[in-house]
Amino acid sequence: MIWRSLDELAAVPAFQSARHNEFPPGATEPPVNRRDFLKLMAASMALASLPACTRQPIEKIVPYVKQPEELVPGNPLFYATAMTLGGFASGLMIESHEGHPTKIEGNPGHPSSLGATNVLQQAALLDLYDPDRSQTVLNHGQPSTWESFATAFQAQMQSVQANHGRGVHILTETISSPTLRSQLQTLLGKYPEARWHQYEPVNRDNAFAGARLAFGEAVEMHCHFDRAKVILSLDSDFLYGHPDNLRHALAFADGRRAQSGRADMNRLYVVESSASVTGSNADHRLPLNATGIARFAYELATRLGLMAAGSPSELTPETRKWIYALADDLLQNEGTSLVIAGENQPPDVHVLAHNINDFLGNIGHTVTFTEPVINPASQIESLRDLIAALHAGSVETLLILGGNPTFTAPADFDFPAGLLKAKSCIHLSTEVNETSALCEWHIPQNHFLESWSDGRAFDGTVSIVQPLILPLYAGKSAHEVLDVVTLGRSDYDIVHDFWSQKMAGLDFEKNWRQALHDGYFANTRLPEKRVSLRTFQITPVAQKTGSLEITFSPDPNIHDGRFANNAWLQELPQPVTKLTWDNAALLSPGFAAKEGLANGDIVDLELNGRRLSLPVWITPGQPDDSIALHFGGGRSHVGRVGKNAGFNTYTLRTSDSLYIGRDVRMQKTGGHYPLVTTQTQHAIDSEERQIFREGTFADFKADPEFAKKSSETPIETLFKPEEFKTDGYRWGMAIDLTACIGCNACILACQSENNIPVVGKDQVSKGRIMHWIRVDTYFRGTPENPDMNHQPVPCMQCENAPCELVCPVGATVHDKEGLNLQVYNRCVGTRYCSNNCPYKVRRFNFFQYADYHDTTLKPLWNPNVTVRSRGVMEKCTYCIQRISMARIGSEEQGHKIQDGQLKTACQQVCPARAIVFGDIGDPKSAVSKLKANNLNFSMLGELNTRPRTTYLAKLRNPNPQLTT
């Protein structure tokens, strides 16, 4: 049995009732009587004869006085650039219409993205046009000018020149930019007593500390999942939270794709302290508290023979069985296995992972090492030094380039109090945040799509950051702020001059132009580095019996809080919990039952004398003695979108409990807070229907057609089961459920491409979320540790479309190529089509969700897609605008659209390449080959809707030792 929520598993009557209603109670208007119904129908028929049923806002179109030669209105241009997060650059391609960016895609040639993007990169476009961005220089909170700041800053630096810059401190986030590093080193050379600190709450301190213990030096570990047959994750969310997650997702998926005649399939074991995207894709998942993972790794190393057995273990029989089966599997795959530890685990766990990889012969094969791209020095110690100087009153000038340490610094550091003791503080940021509010000077920071810069990818490849638009406001880049002390150049001149000097004599201008075209300098990845293990001695920390722990991790949507004002990310359902607009304390079903807690109940958490009240959310697969907290929510100084969204868990996070807090006290308060999830919305009645199909790799090898033997006999119908006839293209889609990791990138790509509005928490709670594609999560097994399965659900593009039969005005129709389209100007909002859709993929515009009035947001919209008004139904159209553009381009060149030339937004973004779109009338097309796969099936195929979107059943590869 598969289930989508704990209420469904328990057959709660309220859930059973809600499942048979498309919207929850109160989501629709009051029911009408027969007289009003007939009036409505009469009005609908009358409106059907009109050219449009909704009033679109008046728009003034002003033509170019002198149109640029290379610009054709409506035809986008693409430029390469890069986005840096956590110090690591990822290559992007930006779609630009008439000089303003409208869509972010991955750069196919860039080694970090390989053409894909994640949700943070997709949503970065909205940050560019955020009307709450800082727009002017502030001095003590009052508007000022860049020239005034430059004069004051230069005077401050001249005043400390005599004592070589003593008292000057610079705080940055993690930096890999060669140009910015060079600028900082030049500044420190001029002022040798000045100090540079780096800090951000998501860092690689534990990974580098583990490498130093294991190898005697800090090195960066690179995982080659395409070469691994057996993979063990020790609390590492390498498919979603790792800096190299896009490469990992593709390599991992390539090792699992269902292909007839395939000899093997990789196997993933995940031991984790909270349910994650990576854990949801595991063949075997073991929930353990974070402290227990260190004990698990120690016992595994002992079982493998790396060390003598130590003291008696407190592991359960189930965990011990797991270790024995895992050890056997690893030993049978020496050289083709891989062990990776999470950044939230202490250094000892990383040491054990390195030693196990070395013992199994994985180093040099599935695991390689390079010099670090970023500074491997401990960021927490660097921040500690700054805090000491601040509290001692020895900081004359503090320059903060980016970040928000007042909000993100460990609570015990009391950064705000220290900041107030600095004689002068300057903050560069995109918004007036918690840190800016305490600083003397605030400088607006340019968005990366407005700036010139550079950075290194995880493998070291140098990427060029080039702007797509002139700065919208009076912003500056970090390059320009640092250069104000010396030359006062533009950021383009700074970056260009640095590389022209570095590449002198190598035909620089040719290489520079090529790098701007490609988005990166070729052949700049770091070389592999040989490492040698040192002798190690590890004694795992034993957990106190009955103690409760907390784990801290960045929010899966808004990261460390920097994206809190991004409405796309706030409304995006979180990958596992499907919560929107909030964070919560994640508890296991067993622990919640023991404490008498329900979803939304408020509890008080106390850790090291610090207290926080927040609601709980019961999460299947969460360890019983562990509470998971995401940090990033609860901002106080932020724009209109993020204000008061979520809870500030940084208040519990201290320097000795950055990721794991022990001996936590929890008390139920009796209060309640409404949390909103989409997990139970748009639920399809799965009783006696096989919506999601799955099996094992062994099943597939024994019977390749096992998925097709499930019940798919069409019910009796008046329609003949004939395919839609067309002389042209027959567009269709296939989604490989084995490859899909459930990262939600497809949702945001569709939202950005198709001008889909956000609706807010209140409207989401009423089932009115507008996303045209959703990712359903199905559970199988017990609530304590279920299997999790993800299924993207766009419009099925039915050939026998139930929605078309009931539309009184012909707003939902088929075109000549068999697509089920929506004519917005005909729709009168009866919603009969939505009621008649068995897949629940149609969305109704209850209110004027799109913001027509804010001029800042208008350049965000895709000009090739209608911005819908209130009262119309909308849905996925396979990106009809992309189809039309590809058709026009191919006809101009005198040939048909080539397979692979056209990609939908969801297909293009997918890091695992799980979504394939194309002409199903071409038997040689990639989508036709997938549909010919034995695993291909139609969701609710027994209804004879003949959907153009089909799925490949999900395969897992469990260890037989753990299935008996």
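Source: prediction; values computed, not measured.

Trainee: Sorry if this is basic, but what is going on with the overall build of the protein here?
Mentor: For the protein, the helix and strand inventory stands at 28 helices and 40 strands. Within the protein, buried positions represent 62% of all 964 residues. For the protein, the share of sequence-separated contacts (at least 6 apart) that also reach a separation of at least 24 residues comes to 74%. Looking at the protein as shown, the accessible area adds up to about 37700 Å², and 52% of this sits on carbon and sulfur atoms.

Trainee: Looking at this model, I keep getting lost on unusual backbone geometry. Mind explaining?
Mentor: Of all residues except glycine, most have a negative phi; of all peptide bonds, most are trans. Unlike most non-glycine residues, N523 shows phi in positive territory, near 60°. You will see that R913, though not glycine, has its phi angle at about 55°, which is positive. Relative to the assigned elements, R913 resides in the loop between helix 27 (905-909) and strand 37 (915-919).

Trainee: Would you mind showing me how to read the packing of helix 17 (residues 491-502) against helix 18 (residues 508-518) here?
Mentor: Helix-helix packing is characterised by the crossing angle of the two axes and by the distance between the axes. Contact geometry for helix 17 and helix 18: axes closest at 10 Å, N-to-C directions at 125°. With respect to helix 18, the axis of helix 17 lies oblique. Two packed elements cross with a definite hand, and for helix 17 against helix 18 that hand is right-handed. When helix 17 is examined against helix 18, the residues Y492, V495, H496, W499 and S500 are found in contact with a partner set consisting of F508, E509 and W512. Residue composition of the contact of helix 17 with helix 18, grouped by class: five nonpolar, two polar and one charged.

Trainee: Is there a simple way to explain the pattern of salt bridges in this structure?
Mentor: When the charged atoms of two side chains with opposite charge come close together, those side chains can pair. Enumeration according to the criterion identifies 36 salt bridges in this entry. A salt bridge links E434 to R635; its shortest N-O distance comes to 3.0 Å. Here E434 is found in the loop between strand 16 (424-429) and strand 17 (441-444), whereas its partner R635 is found in the loop between strand 25 (626-631) and strand 26 (660-661), with 201 residues between them in sequence. Residue class for E434 comes out buried when judged on its relative accessible area of 7%. For R635, a relative accessible area of 2% gives the class buried. Residue R730 is joined to E799 by a salt bridge in which the shortest nitrogen-to-oxygen separation is 3.5 Å. With R730 in the loop between helix 21 (697-702) and strand 30 (731-736) and E799 in the loop between strand 32 (787-793) and helix 24 (802-806), this pair connects stretches of sequence that are 69 residues apart. When sorted by exposure, R730 lands in the same class as E799, which is buried.

Trainee: Whenever I open this one, the sheet that holds strand 4 (residues 100-106) confuses me. Can you help?
Mentor: Strand-to-strand pairing in sheets goes through backbone hydrogen bonds, with the strands running parallel or antiparallel. In space, the three strands of this open sheet follow the order 2-3-4, with antiparallel pairing throughout. Every interior strand has two partners, whereas the edge strands, strand 2 (77-85) and strand 4, have only one. For this sheet the average axis-to-axis angle between neighbouring strands, irrespective of direction, equals 40°. With nine bridges joining them, strand 2 and strand 3 (residues 88-97) adopt antiparallel strand pairing. By the bridge assignment, T84 is partnered in strand 3 with A89. Its contacts with the sheet place helix 4 (residues 119-128) against strand 2, strand 3 and strand 4, and it is angled at close to 170° to strand 4.

Trainee: What should I look at first to understand helix 11 (residues 317-331) in this one?
Mentor: Helical periodicity: at 3.6 residues per turn, an α-helix aligns residues three or four positions apart in one direction. Across its 15 residues, helix 11 extends 21 Å between first and last C-alpha, which sits within 8% of the 21 Å expected from 1.5 Å per residue. By the burial criterion, the buried members of helix 11 are T319, W322, I323, A325, L326, A327, D329 and L330. Summarising the contacts, the buried residues of helix 11 are in contact with strand 10 (230-234), strand 11 (267-272), strand 12 (284-287), helix 10 (290-304) and strand 13 (337-341).

Trainee: Sorry if this is basic, but what is going on with the packing of aromatic side chains here?
Mentor: One pair of aromatic rings is described through two measures. These are the centre distance and the angle between the planes. Under the defined criterion, the tally for this structure stands at 25 aromatic pairs. An angle of 80° between the planes, with centres 6.2 Å apart, marks the rings of F847 and Y849 as edge-to-face. Judged by relative accessible area, F847 falls into the partly exposed class, the value being 36%. Aromatic ring contacts, followed pair by pair, group W146, F149, F153 and W441 into a single cluster. Its end group placed over the ring of Y659, R653 keeps NZ or CZ at 5.1 Å from the ring centre.

Trainee: Explain the side chain of D205 to me, please; I cannot follow it from the model alone.
Mentor: Within the fold, D205 resides in helix 7 (residues 205-215). For the buried D205, no salt bridge exists, and the shortest N-O distance to an oppositely charged side chain is 7.0 Å, to R212. A distance of 3.4 Å separates the side chain of D205 from the side chain of S378, its partner in a polar contact. When residues no more than four places from it in sequence are discounted, the contact partners of D205 are A377, S378, Q379 and I380.

Trainee: Is there a simple way to think about the side chain of T278 in this case?
Mentor: As for its placement among the helices and strands, T278 is situated in helix 9 (residues 277-280). If near-sequence neighbours (up to four positions away) are discounted, T278 is found in contact with S236, D237, F238, L239, Y240, L268 and V270.

Trainee: Whenever I open this one, the environment of V277 confuses me. Can you help?
Mentor: Mapped onto the elements of the fold, V277 is located in helix 9. Relative accessible area serves as the criterion here: at 3%, V277 is assigned to the buried category.

Trainee: What is the right way to read the environment of D922 from this model?
Mentor: Along the chain, the position of D922 falls in the loop between strand 37 and helix 28 (926-931). The exposure class of D922 is partly exposed, given its relative accessible area of 28%. The spacing of D922 and R730 is 192 residues in sequence and 8.3 Å in space, taken between C-alpha atoms.

Trainee: Can you help me understand the sheet that holds strand 39 (residues 949-952) in this one?
Mentor: If you trace the four strands from one edge of the open sheet to the other, you get 37-30-39-38, paired in mixed fashion. Either end of the sheet is taken by a strand with one partner, and the two such strands are strand 37 and strand 38 (936-937). Pairing between strand 30 and strand 37: five bridges, direction antiparallel. The residue of strand 37 that forms the bridge with A734 is V916.

Trainee: In this structure, what is going on with the nonpolar core? I would like to understand it.
Mentor: Generally speaking, a soluble globular protein has its nonpolar side chains buried in company with each other. By size, the foremost hydrophobic cluster in this structure holds 167 residues, and its most contacted members are L234, F296, L300, W731 and L935. The element that contributes the greatest number of residues to this core is helix 10, accounting for eight residues. Counting residues in each nonpolar core, the second largest holds 28 residues, with I170, L184, A194 and V481 among its members.

Trainee: Just checking my understanding: could you explain the packing of helix 10 against helix 11 for this structure?
Mentor: Two elements in contact, helix 10 and helix 11, have axes separated by 9 Å at closest approach and are oriented at 50°. Considering their axes alone, helix 10 and helix 11 lie oblique with respect to each other. Relative to helix 11, the crossing made by helix 10 is right-handed. The segment helix 10 lies against helix 11, with F296, E299, L300, R303 and L304 engaging T319, R320, W322, I323, Y324, L326, A327, L330 and L331. Classifying every residue of the contact of helix 10 with helix 11 gives 10 nonpolar, one polar and three charged.

About the cut-offs
- Residues numbered from 1 in each chain as written.
- Predicted model: local features only at pLDDT ≥ 70, side-chain atom pairs only at ≥ 80, totals over all residues.
- Heavy atoms only, no water.
- Helix = DSSP H or I, 4+ residues; strand = E, 2+ residues; numbered from the N terminus.
- Buried < 20%, exposed > 50% of the residue type's maximum accessible area, 1.4 Å probe, protein only.
- Contact = heavy atoms within 4.5 Å.
- Areas by Shrake-Rupley, 256 points an atom, 1.4 Å probe, with all protein chains shown as cover.
- Axes fitted to C-alpha atoms, helices over the stretch in contact; angles between N-to-C directions.
- Parallel < 35°, antiparallel > 145°, perpendicular 65-115°, else oblique.
- Left-handed = near helix turned anticlockwise from the far one by under 90°.
- Nonpolar A, V, L, I, M, F, W, Y, C, P; charged D, E, K, R; others polar.
- Salt bridge = Lys/Arg side-chain N within 4 Å of Asp/Glu carboxyl O.
- Pairing = 2+ DSSP bridges.
- Expected span 1.5 Å × (residues − 1).
- Phe/Tyr/Trp six-rings, centres within 6.5 Å; stacked < 30°, edge-to-face > 60°.
- Lys NZ or Arg CZ within 6 Å of the ring centre and 35° of its normal.
- Lys, Arg positive; Asp, Glu negative; His and termini not counted.
- Polar contact = N/O pair within 3.5 Å; in protein donor to acceptor, adjacent residues only side chain to side chain.
- Core = buried A, V, L, I, M, F, W, Y, C linked by side-chain atoms within 4.5 Å.

As far as function goes, none of this settles anything; it's purely spatial.
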